[in-house]
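Now for the letters of each chain:
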Amino acid sequence: MPEPAASAQDIDHVAARLVACLPELARDLERQVARDYAPPKPSEAQLALLRHVEDNDGVTVRAAAQALLMKPNNVSALVTQLTEQGLLERRQDLADKRVAHLHLTPLARQQVADVEQLLSAHLTQALRALTDGELDAIGSALGALAALNQHVRARN
């Protein structure tokens, strides 16, 4: 892999700005969605688990914990909460009764879709307030951000 032409100081500056900006953007969007979402909005950890189960139907608690970089007992607690709320189903493994497979309920599918739609609507509204140059810069950065995400994920 070629070394970047940017100086170490420039890279440190970009890293510091991303570390500050990305979580702040996520928190601001989450606050807007929580304000506008009629049912109690699932926590970010609950949403992360619901999204993971949606993408990996039948996943086990242990596998979900591994994928989400969480402790299995924390994921188990989330599963209990979401099951009590009617958002997740636990189905026993036919071969090993100690293992449960997780499945979204129709209510969960609807709530995840509603939250995702609200997030997208709020972000779309904010993007419309930007200049053409700012939009172009963000559009150009999307591929690089995806690559950055892959490099960060690979280190886990």
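Numbering of residues begins from 1 in every chain and follows the order in which that chain's sequence is written. Where local features are concerned, this predicted model is filtered to residues with pLDDT of at least 70; where side-chain atom pairs are given and counted, the filter is 80 or more; whole-chain, interface and lining totals use all residues. Just so you know, side-chain values use all the structure's heavy atoms and leave hydrogens and water out.

### Points about the nonpolar core
Residues Leu49, Leu50, Val53, Val75, Val79 and Leu88 are the most contacted members of the largest nonpolar core, which totals 24 residues. In this description a helix means any DSSP run of H or I spanning at least four residues, a strand means any run of E spanning at least two, and both kinds are numbered starting from the N terminus. Looking at this core, the elements that each hand over two or more residues are helix H1 (8–36), helix H2 (44–55), helix H3 (61–68), helix H4 (72–84), strand E2 (100–104) and helix H5 (106–128). Should any heavy atoms of two residues lie within 4.5 Å, those residues are counted as being in contact. If sequence neighbours within four positions are ignored, leucine 50 has contacts with Pro42, Leu82, Leu87, Leu88, Leu104, Ala108 and Val112. Buried Ala, Val, Leu, Ile, Met, Phe, Trp, Tyr and Cys residues form a nonpolar core when they are joined through side-chain atoms within 4.5 Å. For every residue, the accessible area obtained with a 1.4 Å probe (protein chains only) is divided by the maximum for its type, and the residue is called buried under 20%, exposed over 50%, and partly exposed between those limits.

### Focus: the pattern of salt bridges
Once the charged atoms of two side chains with opposite charge are near each other, the side chains can pair. Salt bridges, as used here, are contacts in which a Lys or Arg side-chain nitrogen is within 4 Å of a carboxyl oxygen on Asp or Glu. Applying the stated criterion across every chain, the model contains seven salt bridges. In this structure, glutamate 30 engages lysine 41 in a salt bridge whose closest nitrogen and oxygen atoms are separated by 2.7 Å. Of this pair, glutamate 30 sits in helix H1 while lysine 41 sits in the loop between H1 and H2, and the two are 11 residues apart along the sequence. Residues arginine 35 and aspartate 36 are paired through a salt bridge, measuring 3.1 Å at the closest nitrogen-oxygen approach. Linked through salt bridges whose partners overlap, the residues forming this network are Glu44, Arg51 and Glu116.

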